[in-house]
Amino acid sequence: MPKFSAVRKHEIQTGHRVYGHEGQCGNLHGHSYVFDIYCLANSLDNLGMVIDFSVIKNTICNWLDDNYDHRMLLWKDDPLAKELVCLDPSVVIVPYNPTAENIAHYILTIVAPQVLHNINVKVTKVVIKETARCSASCEL
Ligand SMILES: [Zn+2]
């Protein structure tokens, strides 16, 4: 059986810190995160596509723009989170320690099913590039 994929790239600027990390990742800092969002299908629609790329843009990419772009992601268990969110409402408290792996897992398992709930396509992998040399992914 053939396997088709459609991949949409999206970039956002986001701050974070990895709570508990003893090196520089424990400092408040930011990245130009580049997401690769993979949709897979065993068959194509009437037009010959897995999904119209604009659908990925209008769902997952818009969600990222609205919720994470130019924001600071801090884990709910990070003591700094509750302090900083009072001073600056652009801080986003997330239910996970915001490593690239955990961001990818959240987008794949929580956000994608939520924003694509009535669309017949499955997001099966999210790759997040933090720097030119480093990326992490989560795959179903
Ligand atoms: Zn970082």
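Located above this text is the structure these notes cover.
Remember, it's a predicted structure, so these values are computed and weren't measured experimentally.

**Side note on the state of the cysteines**
Here a disulfide denotes one covalent bond, and it connects the sulfur atoms of two cysteines.
Okay, so step 1: The final tally for this structure, using the stated rule, is zero disulfides.
Okay, so step 2: Between cysteine 134, a free cysteine, and cysteine 25, which holds the nearest cysteine sulfur, the sulfur-to-sulfur gap is 8.7 Å.
Okay, so step 3: Here cysteine 134 falls in the partly exposed class, since its relative accessible area comes to 43%.
Okay, so step 4: With no disulfide of its own, cysteine 138 lies closest to cysteine 39 among cysteine sulfurs, the gap being 15 Å.
Okay, so step 5: With relative accessibility at 15%, the residue cysteine 138 sits in the buried group.

**Some points on the coordination of the zinc ion**
Okay, so step 1: Surrounding the zinc ion are the protein donor atoms His16 (NE2), His29 (NE2) and His31 (NE2), which sit 1.9 to 2.0 Å from the metal.
Okay, so step 2: Counting the intervening residues between successive donors of the zinc ion yields the motif H-x12-H-x1-H. Of the two residues, histidine 16 sits in strand 1 (residues 4–16) while histidine 31 sits in strand 2 (residues 29–41), which places them 15 residues apart along the sequence. Histidine 31 carries the same exposure label as histidine 16, and that label is buried.

**Topic: the packing of helix 1 (residues 53–67) against helix 3 (residues 100–115)**
The description of two packed helices rests on the angle between their axes and on the distance between the axes.
Okay, so step 1: Direction vectors running N to C along helix 1 and helix 3 enclose 120 degrees, while the axes themselves pass 9 Å from each other. Every pair of crossing elements has a handedness; the one defined by helix 1 and helix 3 is right-handed. Contacts between helix 1 and helix 3 pair Thr59, Ile60, Trp63 and Leu64 from the former with Tyr106, Ile107, Val111, Ala112, Gln114 and Val115 from the latter.
Okay, so step 2: Residue classes in the contact of helix 1 with helix 3 are distributed as eight nonpolar, two polar and no charged.

**A short note on helix 3**
Okay, so step 1: A maximum bend of about 35 degrees is found in helix 3 at isoleucine 107.
Okay, so step 2: Three or more residues of helix 3 are buried, namely Ala100, Ile103, Ala104, Ile107, Leu108, Val111 and Ala112.
Okay, so step 3: Buried residues along helix 3 sit against strand 2, helix 1, strand 3 (71–75), strand 5 (122–129) and strand 6 (135–139).

**What to know about the environment of valine 123**
Okay, so step 1: Residue placement: valine 123 occurs in strand 5.
Okay, so step 2: According to the relative accessible area criterion, valine 123 is buried, its value standing at 5%.
Okay, so step 3: Taking the C-alpha atoms as reference points, valine 123 and isoleucine 37, separated by 86 residues in sequence, lie 7.0 Å from one another.
Okay, so step 4: If sequence neighbours within four positions are ignored, valine 123 has contacts with Ile37, Tyr38, Cys39, Ile60, Leu108, Ala112, Leu116 and Leu140.

Definitions and cut-offs
Residues numbered from 1 in each chain as written. Predicted model: local features only at pLDDT ≥ 70, side-chain atom pairs only at ≥ 80, totals over all residues. Heavy atoms only, no water. Disulfide = S-S within 2.5 Å. Buried < 20%, exposed > 50% of the residue type's maximum accessible area, 1.4 Å probe, protein only. Donors = N, O, S within 2.8 Å, 3.2 Å for Na, K, Ca; no water. Helix = DSSP H or I, 4+ residues; strand = E, 2+ residues; numbered from the N terminus. Axes fitted to C-alpha atoms, helices over the stretch in contact; angles between N-to-C directions. Left-handed = near helix turned anticlockwise from the far one by under 90°. Contact = heavy atoms within 4.5 Å. Nonpolar A, V, L, I, M, F, W, Y, C, P; charged D, E, K, R; others polar. Bend = angle between axes of the 7 residues up to and from the residue.

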